[in-house]
Amino acid sequence: AQTVTQSQPEMSVQEAETVTLSCTYDTSENNYYLFWYKQPPSRQMILVIRQEAYKQQNATENRFSVNFQKAAKSFSLKISDSQLGDTAMYFCAFMKHGAQGAQKLVFGQGTRLTINP
Amino acid sequence: DAGITQSPRYKITETGRQVTLMCHQTWSHSYMFWYRQDLGHGLRLIYYSAAADITDKGEVPDGYVVSRSKTENFPLTLESATRSQTSVYFCASSDSVRNEQFFGPGTRLTVL
C-alpha cells in the first residue's frame, strides 16, 4: 500500500519570503501522479499543482513549483513570494496510474502554513 | 456552474441514528469519492465509485454504506452513527482523463 508522509506539521514565514514544504511517499508503482492541495480556513480543498511521475520536468504554476525526485520518492512544494492568502493547510497526495480504482488519492497528514505580515 | 455540492453543510445527530450525507455533481464525472478528514490523519478514503452502480471500499469503510443509482449523485449513509464518526466529510469527483479530483465544500458531522 502507498503511504505519504509530511514531516512538517506546522510552518511559519514572513510575507514575500520563499517557503518549501516537504513530502515523501512510498510506493512500488512506476507510473503515478502526485498532487499538492491547499485547504484554507474556508475548508475548501483546492488543487495547487500536479506532477506526472513519467515527466522529469518539475511542474510549475505561477508562484508554486515542485521539486520531484523520483528515485528518492520526494515531492516538495516551493512557494515563492509568499502572500497572506497562502495561509492554509497543505496536503500532499499520491494517485496510482492505470488499473481500475487507480483514481484513489492517498493523502499525507498535512502541513499548516502561516504567512505573517 | 454548480460543480459539486454537498448537503447538509452541518449536521448534529445522536449515537445510533441513521444519517445520510448527500453529494451531487454537474460535470458528469464518472468517478466519485467520499473522504473523511480527522486531525492528524489528513483525508482518508471511505468509499468510491467508478460509475453508476459500481462502488468499492476505501481505507475506512466500516459503518458506512453508499449507493450510486445515478451518475450525478453519490450519497453516504451512516447506518448507526457512533461518536468516532464525528468528522468532516468530503465528496469529490473526477474524470478519467485529467485524473484530477474536485472536492465539494464538506459536511461537518457531529455525533453526540
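Anything mentioned here points back to the structure above.
Below is a summary of the structure that appears in this document. Just so it is clear, the model here is predicted, and its values are computed rather than measured.

Overview of the overall build of chain A
Stage number 1. A tally of helices and strands in chain A yields zero helices and 12 strands.
Stage number 2. When the helices and strands of chain A are read in sequence order from the N terminus, they spell out β-β-β-β-β-β-β-β-β-β-β-β.
Stage number 3. Expected size for 117 residues packed as a compact globule is a radius of gyration near 13 Å; at 14 Å, chain A falls within 12% of this value.
Stage number 4. Overall, the C-alpha framework of chain A stretches about 45 × 30 × 20 Å when taken along its three principal axes.
Stage number 5. If you take every contact in chain A between residues at least 6 apart in sequence, the share linking residues at least 24 apart comes to 55%.
Stage number 6. As presented, chain A carries roughly 5700 Å² of accessible surface, and 45% of it is formed by carbon and sulfur atoms.
Stage number 7. Across chain A, the mean location of the 11 positive side-chain charges is 9 Å away from that of the 9 negative side-chain charges.

Side note on the pattern of salt bridges
All names here are of chain A.
Stage number 1. Scanning the model with the defined rule gives eight salt bridges over all chains in all.
Stage number 2. Glutamate 52 serves as the salt-bridge partner of arginine 50, at 2.7 Å between the closest nitrogen and oxygen.
Stage number 3. A relative accessible area of 11% means that glutamate 52 is categorised as buried.
Stage number 4. Salt-bridge contacts for arginine 63 lead to aspartate 86; the nearest nitrogen and oxygen are separated by 2.8 Å. A residue pair is termed long-range when its members are at least 10 positions apart, and arginine 63 in the loop between strand S7 (60–61) and strand S8 (64–69) and aspartate 86 in the loop between strand S9 (74–79) and strand S10 (88–96) qualify at 23 residues. With respect to class, arginine 63 is no different from aspartate 86; both count as buried.

Details of the interface of chain B and chain A
Stage number 1. Taken together, the 28 residues of chain B in the interface contact 19 residues of chain A.
Stage number 2. For the pair chain B and chain A, the interface holds one salt bridge.
Stage number 3. Where Glu100(B) meets Arg50(A), a salt bridge forms, and the shortest distance between an N and an O atom there is 3.4 Å.
Stage number 4. Breaking the side of chain B that touches chain A down by element, the ones donating at least two residues are strand S4 (31–38), strand S5 (42–51), strand S9 (87–94) and strand S11 (107–111) of chain B.
Stage number 5. Of the residues that constitute the side of chain B that touches chain A, the class distribution is 12 nonpolar, 11 polar and five charged.

Quick notes on the sheet that holds strand S8 (residues 76–78) of chain B
All names here are of chain B.
Stage number 1. Spatial strand order, S1-S3-S8-S7: four strands in an open sheet with antiparallel pairing. Edge strands, defined here as strands with exactly one partner in the open sheet, are strand S1 (4–7) and strand S7 (64–66). Neighbouring strand axes in the sheet, compared pairwise and without regard to direction, differ in orientation by 20° on average.
Stage number 2. Alignment of S1 against strand S3 (residues 19–25), held across four bridges, turns out to be antiparallel. Each residue of the ladder has a partner; that of isoleucine 4, found in S3, is glutamine 25.

Some remarks on the layout of surface pockets
Stage number 1. Computed from the structure, the largest pocket encloses a volume of approximately 500 Å³.
Stage number 2. If you trace the second largest pocket, you find 23 residues lining it, with Gln2(A), Leu105(A), Val106(A), Phe107(A) and Glu59(B) closest to the centre.
Stage number 3. Elements supplying a minimum of two residues to the lining of the second largest pocket: strand S1 (3–5), S10 and strand S11 (105–107) of chain A together with S5 of chain B.
Stage number 4. In terms of residue class, the lining of the second largest pocket is made up of 10 nonpolar, eight polar and five charged.

Quick look at the side chain of Ser65(A)
Stage number 1. Within the element layout of this structure, Ser65(A) appears in strand S8.
Stage number 2. Non-local contacts of Ser65(A), meaning those with residues more than four positions away in its chain, are made with Ile49(A), Ala59(A), Thr60(A), Ser76(A), Leu77(A) and Lys78(A).

So, unusual backbone geometry
Stage number 1. Of the consecutive residues Ser7(B) and Pro8(B), the connecting peptide bond is found in the cis state with omega at -10°.
Stage number 2. Tracing the chain through its elements places Pro8(B) in the loop between S1 and strand S2 (10–13).
Stage number 3. Phi is positive for Lys73(A), close to 55°, though the residue is something other than glycine.
Stage number 4. Its place among the elements puts Lys73(A) in the loop between S8 and S9.
Stage number 5. A positive phi angle, close to 70°, is found at Asp53(B), a residue other than glycine.
Stage number 6. In this fold, Asp53(B) is placed in the loop between S5 and strand S6 (54–57).
Stage number 7. Given the relative accessible area of 64%, Asp53(B) is considered exposed.

Parameters at a glance
- Residues numbered from 1 in each chain as written.
- Chains lettered and ligands numbered in written order.
- Predicted model: local features only at pLDDT ≥ 70, side-chain atom pairs only at ≥ 80, totals over all residues.
- Heavy atoms only, no water.
- Helix = DSSP H or I, 4+ residues; strand = E, 2+ residues; numbered from the N terminus.
- Rg over C-alpha atoms; globule rule 2.2 N^0.38 Å.
- Contact = heavy atoms within 4.5 Å.
- Areas by Shrake-Rupley, 256 points an atom, 1.4 Å probe, with all protein chains shown as cover.
- Lys, Arg positive; Asp, Glu negative; His and termini not counted.
- Charge placed at Lys NZ, Arg CZ, Asp CG, Glu CD.
- Salt bridge = Lys/Arg side-chain N within 4 Å of Asp/Glu carboxyl O.
- Buried < 20%, exposed > 50% of the residue type's maximum accessible area, 1.4 Å probe, protein only.
- Nonpolar A, V, L, I, M, F, W, Y, C, P; charged D, E, K, R; others polar.
- Pairing = 2+ DSSP bridges.
- Axes fitted to C-alpha atoms, helices over the stretch in contact; angles between N-to-C directions.
- 1 Å grid on protein atoms, 1.4 Å probe; cavity = no way out; pocket = protein on both sides within 12 Å on 5 of 7 lines; lining within 4 Å.
- Points joined across faces, edges and corners; volume = space filled by probe spheres on them.

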